[in-house]
Amino acid sequence: MKNMICVIFLIVFITSCEEKIITTLPLEEGTISGYTIDSTNQRSLKSVEINLSYNNLSTSSDFNGFFQFEDIPVGNYNIIFESLGYKNKEIEVSLKDTLLNLNNILLIREKFPYDAITYDELPRLYQPDSTYYKLPEEYIDQYKHYWFGSYYDSVYVNNFIDSLIIEMKKMRIDVDTLWYQSFDFQCSDPAISAPSKICVKLKTKNDKMYSLNYKSFNPDRERYFLIWDYCQRRPLQYRIYYKFN
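What this report covers is the structure whose coordinates are included nearby. Predicted model, so just to flag it, every value in this text is computed and none were measured. (Residues numbered from 1 in each chain as written. Predicted model: local features only at pLDDT ≥ 70, side-chain atom pairs only at ≥ 80, totals over all residues. Heavy atoms only, no water.)

## Topic: the overall build of the chain
Scanning the chain from terminus to terminus reveals three helices and 12 strands. Taking all 245 residues of the chain together, the buried fraction comes to 38%. In the chain, of all internal contacts separated by at least 6 residues, the share reaching a separation of at least 24 is 68%. Within the structure as shown, the chain displays about 15200 Å² of accessible surface, and the carbon and sulfur contribution to it stands at 52%. (Helix = DSSP H or I, 4+ residues; strand = E, 2+ residues; numbered from the N terminus. Buried < 20%, exposed > 50% of the residue type's maximum accessible area, 1.4 Å probe, protein only. Contact = heavy atoms within 4.5 Å. Areas by Shrake-Rupley, 256 points an atom, 1.4 Å probe, with all protein chains shown as cover.)

Next up, the structure:
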């Protein structure tokens, strides 16, 4: 009888020890990482805010678009990606091992609608106030904004202007209106060409525009600020973007 009691006690003791060992084992943890990418041009997106549904953790992507969460318990989570000028994106992930590489997370741009206008509807900009800025023609021309038909215009030109607007939004620059003039190699004469032109009006003056290569009116150095071109033989396209809120 005593032997039986000893055996039972030994079994209970071993079982309780096993339970203590199991419950005191640390939870397995891992790392979640990836890259944020612009879905339009496949370029890395920096400063994207990334929120993980675990302990309110958040981080932001670096210059190369890389982000990482460390010491995350295995399990299922939601991750939200937010960046000015892009649509918010939410994904569900399952961390089952020590490393979960999400590779490239593609973010979709906001699209900024425009209206086609006539030459006469463009602003007269010989001596504008301090809220007007222009993008130098030599900067625009490297992107070759020729008029190659509606498809080229709706894809390439739109992507270019969207990129400009997104950069301003990221820098918290309040845009009021943007005007655009298309490019024509031979406007009305073989010796004449009309380069692409872009002018932006802000809600308030902002010197951050200079870091984006824009110029403002300087009466001491420029005879005029911006004169739009007009082609009699083959009309140029003019646009106005003004719906930014």
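Back to the write-up after that little detour.
## Structural notes on the nonpolar core
Residues I32, M168, L178 and I198 are the most contacted members of the largest nonpolar core, which totals 42 residues. Take this core: its biggest share by element is seven residues, from helix α3 (residues 150–170). With residues up to four places along the chain from it excluded, the contact list for I32 reads L52, F67, Q68, F69, I72, Y77, I79, V93, L95, L100 and L102. With 16 residues, the next largest nonpolar core counts C187, L226, L236 and I240 among its residues. (Core = buried A, V, L, I, M, F, W, Y, C linked by side-chain atoms within 4.5 Å.)

## Notes on unusual backbone geometry
Positive phi is not limited to glycine here, since Q42 has a value of about 60 degrees. Tracing the backbone through its elements, the reader meets Q42 in the loop between β1 (29–38) and β2 (49–52). At N103, a residue that is not glycine, the phi angle is positive and equals roughly 60 degrees. Residue position: N103 is located in strand β7 (residues 99–107).

## Regarding the sheet that holds strand β10 (residues 175–181)
Taken in spatial order, the five strands of this open sheet run β8-β12-β10-β11-β9, and their pairing is antiparallel. Bordering the open sheet on either side are β8 (115–117) and β9 (132–135), each of which pairs with just one other strand. Taking each pair of neighbouring strands and ignoring which way they run, the sheet shows an average axis angle of 25 degrees. (Pairing = 2+ DSSP bridges. Axes fitted to C-alpha atoms, helices over the stretch in contact; angles between N-to-C directions.)

## What about the sheet that holds β7?
Spatial strand order, β4-β1-β7: three strands in an open sheet with mixed pairing. Among the strands making up the open sheet, the edge pair consists of β4 (66–73) and β7. Across the sheet, the mean angle from the axis of one strand to that of its neighbour is 20 degrees, orientation sign disregarded. Both β1 and β4 contribute to a ladder of six bridges, which runs antiparallel. Bridge pairing in β4 places G30 opposite I72.

## Section: the pattern of salt bridges
Scanning all chains against the criterion turns up four salt bridges. Note that R109 and D38 form a salt bridge whose closest N and O atoms lie 2.9 Å from each other. Of this pair, R109 sits in the loop between β7 and β8 while D38 sits in strand β1, and the two are 71 residues apart along the sequence. A salt bridge links K201 to D129, with the shortest nitrogen-to-oxygen separation between them at 3.8 Å. (Salt bridge = Lys/Arg side-chain N within 4 Å of Asp/Glu carboxyl O.)

## A short note on the environment of Q237
Inspection of the secondary structure puts Q237 in the loop between β11 (197–202) and β12 (238–241). Q237 sits 121 residues away from A116 along the chain, and the two C-alpha atoms are 7.3 Å apart. At 3.2 Å, the side chain of Q237 forms a polar contact with the side chain of R239. (Polar contact = N/O pair within 3.5 Å; in protein donor to acceptor, adjacent residues only side chain to side chain.)

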